[in-house]
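Residue strings, one per chain:
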Amino acid sequence: MPKGFKTKNGYATAVDRGGLNYRQIAEKMNAAGIKMNHSTARNVFLSALKKIATPICETLSVDQDPDDLSRNPDFQSSIAQIVADIYSEQDI
Amino acid sequence: MSQTSISAYFHDVGKHNLLTKAEEVKLAIAIQNGSEAARAKMIQSNLRLAVSIAKKYQNRGCDLEDLIQEANVGLMKAVTRFDHTLGFKFSTYACWWIKQTVRRHITSHSTTIRMPSHAKDKLWKIKGVRKEYEEEFGVLPTMEEVADILGTTVETLRSIESCSGSTVSIDKSIRFKNSSGGSEGRKLADIIPDDEAPDIDAVIDRVKIKEAIREALGNLSSREEKIVRMRFGIVEDDKNHEKFPITTKEIRALKAEAKKR
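The structure presented is a predicted model; accordingly, all values stated were derived computationally and were not measured.

Caption draft 1: Highlighting the overall build of chain A. When helices and strands are counted, chain A shows four helices and zero strands. Considering chain A as a whole, with its 92 residues, one finds that 27% of them fall into the buried category. Sequence separation of at least 24 residues holds for 36% of the intrachain contacts in chain A that already meet a minimum separation of 6.

Quick look at the structure:
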C-alpha cells in the first residue's frame, strides 16, 4: 500500500466496541490451545463474515459479492451491532 | 342571523335610495350641526356599501353576518368623521373605514393564533401588490420585488406569510365516501402520515436480516464463532466460561498488556 494511502471506507472500529484486534485474538486462541497467528485470526474472521454475508445477499437480492461485502467496514459495524443484539437475546 | 333573516336584511337595505353628491353635502352639514336624523339617513343610505364590502371578505373564517355588523360599525365611524369640504364622495371616504374595521375583525377572530394588526395589514398589502403586479406584467412578482415595492425586507414578508396559515383541529372529522356509497367519518389525525414512524419495509428487512444472521451464526464452526465474538467484543457473564472463551476481565487485561508493548 503506498504511503499516505487512505482506504475508501476506513477500518472497522471493532476495538471501539470493546472487541479485540487480530493479534490479541490470536494470543487468546493460542492460550486456549488453538494455534494460530494474527493473519489466520483475520482469515477465520473474514470467512465467518462471508458465511453471514451470503444469506444476507440472497435474502435482500443484493447483487454484490459476499466476499467483498464481508470486508466492508460499514457492513462489519452493522453486523457487529446485530450479532450483539442476537447474542443478548439468546445464547446460541 | 339565519338565512331568512339575512335575506330580509338585504331586502330592507335595498329599500333605501342612494344619495346624490348634493344630498351627501346637505346631510354632512346637518350631521355637523348635530342632527341625529341626518346621521341615520346617511348611514341607512350607505348600508348597501357596507354589505358590498363585507361580502368581499367572506370565507376568511368569519360569518357574513358578523362581517356586515363590523362593516356597519366602520360606516358609522366614517359618517362621524366625513368632511364634505374636501370635495370627495362619501363612499370614497367610507370604504377605507369599512375595510379597516372588517379587516381588524377578521384579524382578531378568524384564526386561533392572533396575528398583530400591522402584520395582517401587511399581508393584505402583499396580496394586493401581487394582484396588481400580475395584472400589469402577466407574471407573479418575486418575493424580492414585493419587498422592494412595500419597502420592507424579504425576511419580514416570509415571516408574515408563514404565520398566516389557518389552524385546524387534529380531531376534525373528515367525511369520505366508502365503497358501498355511504359516508364514513375519520379524523384528520387518522390520515396525517407520521414521518418519524419507522419505515415498515426497513423493519421487515431488518427482521429478515436478523433471521438470516441468526441462521448463519448457527452454521459457524466453533473456532469462527469464538473469533467473531472476540472481534465484536461480545462478552458473557464472567462466571460462564464454558461456551465463551473470553471475559470482560480478560479483555481488560489483554488491552493493558497491549498498551505496555
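Let's pick the thread back up.
Caption draft 2: Looking closely at the overall build of chain B. Summing up its helical and strand segments, chain B has 13 helices and two strands in all. Within chain B, the proportion of its 261 residues that are buried is 20%. Within chain B, counting contacts between residues at least 6 apart in sequence, those at least 24 apart form 48% of the total.

Caption draft 3: How the structure looks around the confidence of the model for chain B. Residues and elements named next belong to chain B. The predicted model of chain B has a mean per-residue pLDDT of 83, with 85% of residues at 70 or higher. In this model residues 240–244 is a low-confidence stretch, pLDDT under 50, and it forms three contacts with partners more than four residues away in sequence or in other chains. Two summary scores accompany this predicted model of the complex, namely pTM at 0.42 and ipTM at 0.83.

Caption draft 4: Region of the structure containing the interface of chain A and chain B. Across the boundary between the two partners, chain A contributes 30 residues, which contact 28 residues of chain B. Breaking the side of chain A that touches chain B down by element, the ones donating at least two residues are helix 1 (22–31), helix 2 (38–59) and helix 4 (73–89) of chain A. Among the elements that make up the side of chain A that touches chain B, the one with the highest residue count is helix 2 of chain A (10 residues). Each residue belonging to the side of chain A that touches chain B can be placed in one class, and the counts come to 21 nonpolar, five polar and four charged.

Caption draft 5: Spatial organisation of unusual backbone geometry. The phi dihedral of serine 61 of chain A falls on the positive side, at around 50°, and the residue is not glycine. Inspection of the secondary structure puts serine 61 of chain A in the loop between helix 2 and helix 3 (66–71). In the Ramachandran plot, asparagine 59 of chain B falls in the positive-phi region, its phi being about 60° despite a non-glycine side chain. With respect to the helices, strands and loops of the structure, asparagine 59 of chain B is situated in the loop between helix 4 (47–56) and helix 5 (64–81).

Caption draft 6: Geometry of helix 7 (residues 117–137) of chain B. All names here are of chain B. Taking 1.5 Å per residue as the helical rise, helix 7 with its 21 residues ought to reach 30 Å, and the 30 Å between its terminal C-alpha atoms agrees with that figure. Of the residues making up helix 7, those classed as buried are Lys120, Lys122 and Ile126. The arc that holds the buried residues of helix 7, viewed along the axis, is 160°, so those residues lie on one side. In helix 7, the exposed positions angled more than 90 degrees off the buried face are occupied by His118, Gly128, Lys131, Glu132, Glu135 and Glu136. If you follow the buried residues of helix 7, they end up packed against helix 6 (90–109), helix 8 (143–150) and helix 9 (154–163). Positive backbone phi, approximately 80°, marks glycine 138, located one or two places after helix 7.

Caption draft 7: How the structure looks around the packing of helix 2 of chain A against helix 11 (residues 200–218) of chain B. Close contact between helix 2 of chain A and helix 11 of chain B brings their axes to 9 Å; oriented N to C, the two are set at 145°. Judged by the sense of rotation from one axis to the other, the crossing of helix 2 of chain A with helix 11 of chain B is right-handed. Side by side, helix 2 of chain A and helix 11 of chain B meet where Lys51, Ile52, Pro55, Ile56 and Thr59 of chain A of the first sit next to Lys208, Ile209, Ala212, Ile213, Glu215 and Ala216 of chain B of the second. When grouped by side-chain class, the residues that make up the contact of helix 2 of chain A with helix 11 of chain B number seven nonpolar, one polar and three charged.

Caption draft 8: Examining the environment of isoleucine 6 of chain B more closely. Along the chain, isoleucine 6 of chain B falls in helix 1 (residues 3–15). For the pair isoleucine 6 of chain B and leucine 64 of chain B, spaced 58 residues apart in sequence, the C-alpha separation works out to 9.2 Å.

Caption draft 9: Representation of the nonpolar core in the model. With 28 residues, the main nonpolar core has Ile25, Ala41, Ala48, Ile52 and Val83 of chain A together with Ile227 of chain B as its most contacted residues. At the level of elements, helix 1, helix 2 and helix 4 of chain A together with helix 11 and helix 12 (222–232) of chain B are the ones that each hand at least two residues to this core. Ranked by the residues each element gives to this core, the list is headed by helix 2 of chain A, at eight residues. In this view, alanine 48 of chain A contacts Leu220, Glu224, Ile227 and Val228 of chain B; residues no more than four positions away in its chain are not counted. Counting 22 residues, the second largest nonpolar core, distinct from the first, contains Leu27, Leu49, Ala50 and Leu67 of chain B.

Caption draft 10: Main features of the packing of helix 5 of chain B against helix 6 of chain B. All names here are of chain B. In the contact formed by helix 5 and helix 6, the axes pass within 8 Å of each other and the chain directions differ by 140°. By the criterion of interaxial angle, the relationship of helix 5 to helix 6 is oblique. The chirality of how helix 5 crosses helix 6 is right-handed. Residues Asp66, Leu67, Glu70, Ala71, Val73, Gly74, Leu75, Lys77 and Ala78 of helix 5 lie in contact with helix 6, whose contacting residues are Tyr93, Ala94, Trp97, Ile98, Gln100, Thr101, Val102 and His105. The class makeup of the residues in the contact of helix 5 with helix 6 is 10 nonpolar, four polar and three charged.

How each quantity is defined
- Residues numbered from 1 in each chain as written.
- Chains lettered and ligands numbered in written order.
- Predicted model: local features only at pLDDT ≥ 70, side-chain atom pairs only at ≥ 80, totals over all residues.
- Helix = DSSP H or I, 4+ residues; strand = E, 2+ residues; numbered from the N terminus.
- Buried ≥ 20, exposed ≤ 12 C-beta atoms within 10 Å, placed from the backbone.
- Contact = placed C-beta atoms within 7 Å.
- pLDDT = per-residue confidence, 0-100.
- Nonpolar A, V, L, I, M, F, W, Y, C, P; charged D, E, K, R; others polar.
- Expected span 1.5 Å × (residues − 1).
- Arc of directions from axis to C-beta.
- Axes fitted to C-alpha atoms, helices over the stretch in contact; angles between N-to-C directions.
- Left-handed = near helix turned anticlockwise from the far one by under 90°.
- Core = buried A, V, L, I, M, F, W, Y, C linked by C-beta atoms within 7 Å.
- Parallel < 35°, antiparallel > 145°, perpendicular 65-115°, else oblique.

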